[in-house]
Amino acid sequence: MTVIRPLPSAALDAGRAALPPPGVLLALVSCAYALAQLLIGAPWTGLGWDEAVYASQYAGHAPPAPFSAPRARGVPLLVAPVVSVTDSVPVLRLYLVALSSLGLFAAFAVWLRVRDSRTVPLAALLFAGCWLSLFYGGQAMPNLYVALAAVAAAGAVVTGRAPVGLGAAFAVMSLMRPSDALVAAAVLGVAALAVPAWRRTRSLVAIAAGTAVGWGLWLAEAELAYGGMLRRLRDAGEHNATGWSFTLAEHARALDGPSLCRFGTDCGPVSPVALIWWLAIPAMVAAGLWAAWRERRPGPALLATACGVALALPYLFYVGYAAPRFLMPAYALLALPSADAVTALFRRRLGAALMSAGLLAHLALQGAYAYRMGHGHVAGRERLAQAAEHLRQQGVRPPCLIYGESGVQLGYLLGCESQGVIQRFAERQPARVRRALESGHQVVVVHAGVRPPGYVAGWPETDLPGRWKARFGHAIR
């Protein structure tokens, strides 16, 4: 029988002395996170559909794309300082890489007040090493910032020292995804009431005030632009296919990509390797909770776990499709008890070897997924940029309207109004297209894999780079 003995205390002390302080380690993790994003090609990745919608809202060179009911204003506000002055996608990417790396440091630094140990930078490394964090760090999408804000908020509830920071974290969450902020507010608010050590009126006020920021803007916009709160909520539910559902299998199939299991996208079979990685998370969380319990400090780890699980549940049982990024807040919070498990097991000889191998395997596997996803998106979106440049050479200039597949991205790149199509064109000519034609604007219908509508059959057609085609509904001047 193998006996696992703890490492001698002298060896542990020597190992600890050889490492920089936790704050320095966390800064190094954040810098490595930025570097890793650059290595997988973040600055050279073109904009996706959602990103183009968000970026166009306050862009200086392009009109705002249609803003659907479930969207929130957090990401448009986040990118506004850049897109309002430049249309350069690489500049936007570099800005977001820097912002995500600083956000990683700021969010996990809060936990250094909870536990000033090297467990905190390890938790940041576990989360930053996920392919989702690497892939979305430089993208104009909300989920990473919800994740980082949730980590900071949970730590602030435990410490109770920074009510302004707690309110700011909830303001970020509610501006990015109001529904996620509501879930986190419920969990952290109950904890702030139920646990005597965390019971502070200022924490409850900060949670309520921060949550009100995003929800207030979302509800005001509902009244002004969407026909009222109830109608916007109904439209948002229809758009996101909400209702009691069970998408655990879909999320399992998407563990190694693609980024969205919807609109006919085949997510393929479950990867056994990715599934092992996924199943290791609850095992490590359980081990971390046990370690925290033995050290008589279970509260913070339990809070992070409860909040992480709560944020995952709606996407597993209430949203009718899978997107891996939906679970990023859960992964970020669960990294904290997982890091506790790694630290506890590292104190034993066999455990140190296993944890070292496991950490390297995690970083290698997730890094490979991130590189594959990033490389695939660079190639696909480069062809889209070439198509936009070809249209520009054909004389497409504002005022104009781009309608069709990837119409939102092309519209943003060309400075045109846009209306996107995913699976099929409308059977009848949309009112926006008709109004644009009547106003004398250039109207360009773009398509690749989707059959063009009958009402453009007589329009002049041209081939674009790749598999794209364009039809012009107004003479090019």
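Values in this document were obtained by computation on a predicted structure and should not be read as measured data. (Residues numbered from 1 in each chain as written. Predicted model: local features only at pLDDT ≥ 70, side-chain atom pairs only at ≥ 80, totals over all residues. Heavy atoms only, no water.)

Trainee: Looking at this structure, I do not really get the overall build of the chain. What am I missing?
Mentor: Tallying secondary structure elements over the chain gives 19 helices and five strands in all. At 24 Å, the chain has a C-alpha radius of gyration in line with the 23 Å of a compact globule built from 477 residues. Along the first, second and third principal axes, the C-alpha atoms of the chain reach 80 × 45 × 40 Å. Going through the 477 residues of the chain one by one, you find that 51% of them count as buried. Long-range contacts, defined as pairs at least 24 residues apart, comprise 71% of the intrachain contacts of the chain with a sequence gap of at least 6. Charge-centre separation for the chain: the mean point of 40 positive side chains lies 8 Å from the mean point of 23 negative side chains. (Helix = DSSP H or I, 4+ residues; strand = E, 2+ residues; numbered from the N terminus. Rg over C-alpha atoms; globule rule 2.2 N^0.38 Å. Buried < 20%, exposed > 50% of the residue type's maximum accessible area, 1.4 Å probe, protein only. Contact = heavy atoms within 4.5 Å. Lys, Arg positive; Asp, Glu negative; His and termini not counted. Charge placed at Lys NZ, Arg CZ, Asp CG, Glu CD.)

Trainee: Where do I start with the pattern of salt bridges in this structure?
Mentor: It is possible for side chains of opposite charge to pair when their charged atoms get near one another. Under the counting rule described, the total for this entry stands at 17 salt bridges. The shortest N-O distance in the salt bridge between R471 and E461 comes to 3.0 Å. Of this pair, R471 sits in strand β5 (residues 469-472) while E461 sits in strand β4 (residues 461-463); the two residues are ten residues apart in sequence, bridging distant segments of the chain. Taking relative accessible area as the criterion, R471 reaches 14% and is therefore assigned buried. Given a relative accessible area of 41%, E461 falls into the partly exposed group. In this structure, D463 engages K469 in a salt bridge whose closest nitrogen and oxygen atoms are separated by 2.6 Å. The partly exposed category is assigned to K469, whose relative accessible area is 30%. (Salt bridge = Lys/Arg side-chain N within 4 Å of Asp/Glu carboxyl O.)

Trainee: Please clarify how the side chain of T159 should be interpreted in this entry.
Mentor: Locating T159 in the fold gives a position in helix α8 (residues 143-159). Residue class for T159 comes out buried when judged on its relative accessible area of 11%. The residues touching T159, leaving out its near neighbours within four places in the chain, are V110, R113, V114 and R200.

Trainee: What is the right way to look at the confidence of the model for the chain in this model?
Mentor: Interpretation of this model should avoid reading the predicted coordinates in detail wherever pLDDT is low. With 95% of its residues at a pLDDT of at least 70, the chain reaches an overall mean of 91. Counting interchain partners and residues more than four positions distant, the pLDDT-below-50 stretch residues 1-7 has eleven contacts. (pLDDT = per-residue confidence, 0-100.)

Trainee: Help me understand the pairing of β5, please; the structure alone is not making it clear to me.
Mentor: Here is the key point about a regular strand: its side chains alternate between the two faces of the sheet. By the bridge criterion, four bridges tie strand β3 (residues 442-447) to β5 in an arrangement that is antiparallel. Within β5, the position partnered with H447 by the bridge is K469. In the sheet, β4 pairs with β5 via three bridges, with the strands oriented antiparallel. What sits directly across from D463, in β5, is K469. (Pairing = 2+ DSSP bridges.)

Trainee: Hey, could you run me through the nonpolar core in this one?
Mentor: Considering soluble globular proteins, one finds that nonpolar side chains tend to be buried as a cluster. Within the largest apolar cluster, 108 residues are counted, with the highest numbers of intra-cluster contacts made by L104, F108, F127, F170, M173, L188 and Y331. Examining the composition of this core, we find that 14 residues originate from one element, α8, more than from any other. Those residues in contact with Y331 that lie beyond four places of it in its chain are F127, L132, L255, W277, W278 and I281. In terms of nonpolar packing, the next biggest core, distinct from the first, is built from 16 residues, V396, L414, L464 and W468 among them. (Core = buried A, V, L, I, M, F, W, Y, C linked by side-chain atoms within 4.5 Å.)

Trainee: Could you clarify how one ought to interpret the sheet that holds β4 in this entry?
Mentor: Two modes of strand pairing occur in sheets, parallel and antiparallel, and in both the strands are linked by backbone hydrogen bonds. The sheet built from five strands is open, its strands ordered β2-β1-β3-β5-β4 with mixed pairing. The open sheet terminates on both sides in strands that have one partner only, identified here as β2 (417-421) and β4. If you compare each strand with its neighbour and ignore which way they point, the axes differ by 20° on average. Bridge analysis of strand β1 (residues 400-405) against β2 gives five bridges, and the strand direction is parallel. Counterpart to G404 in the pairing with β2 is G420. (Axes fitted to C-alpha atoms, helices over the stretch in contact; angles between N-to-C directions.)

Trainee: Where do I start with the state of the cysteines in this structure?
Mentor: Each disulfide consists of a covalent bond between the sulfur atoms of two cysteine residues. If you walk through the whole model with that rule in mind, you get two disulfides. Each sulfur of the disulfide joining C261 and C267 lies 1.7 Å from the other. With the S-S bond torsion at -130°, the cross-link from C261 to C267 turns out left-handed. Accessibility classification places C261 together with C267 in one group, the buried group. At a sulfur-sulfur separation of 1.9 Å, the disulfide partner of C400 is C416. Here the S-S torsion is close to -85°, and the disulfide linking C400 with C416 is therefore left-handed. (Disulfide = S-S within 2.5 Å.)

Trainee: Before we go on, may I ask you to explain the environment of A65 in this structure?
Mentor: In this structure, A65 sits in the loop between α3 (49-56) and α4 (74-83). A relative accessible area of 6% places A65 in the buried class. Measuring from C-alpha to C-alpha, the distance between A65 and G411 comes to 8.2 Å, with 346 residues separating the pair along the chain. The residues touching A65, leaving out its near neighbours within four places in the chain, are V53, S56, Q57, V408 and S418.

Trainee: Help me understand the packing of aromatic side chains in this model?
Mentor: Two descriptors summarise a pair of aromatic rings, namely the distance from one centre to the other and the angle between the planes of the rings. Here the structure, examined in full by the defined rule, presents ten aromatic pairs. Among the aromatic residues, ring-to-ring pairing joins W131, F135 and Y136 into one connected group. Between R232 and the ring centre of Y226, over which it is positioned, the NZ or CZ distance is 4.2 Å. The residue whose ring lies beneath R262 is Y321, and the NZ or CZ to ring-centre distance is 4.1 Å. (Phe/Tyr/Trp six-rings, centres within 6.5 Å; stacked < 30°, edge-to-face > 60°. Lys NZ or Arg CZ within 6 Å of the ring centre and 35° of its normal.)

Trainee: Would you mind going over the side chain of S271 with me for this structure?
Mentor: Tracing the chain through its elements places S271 in the loop between α13 (248-253) and α14 (272-294). For S271, a relative accessible area of 14% puts it in the buried group. Apart from the residues lying within four places of it in its own chain, the contact partners of S271 are D256 and Y369.

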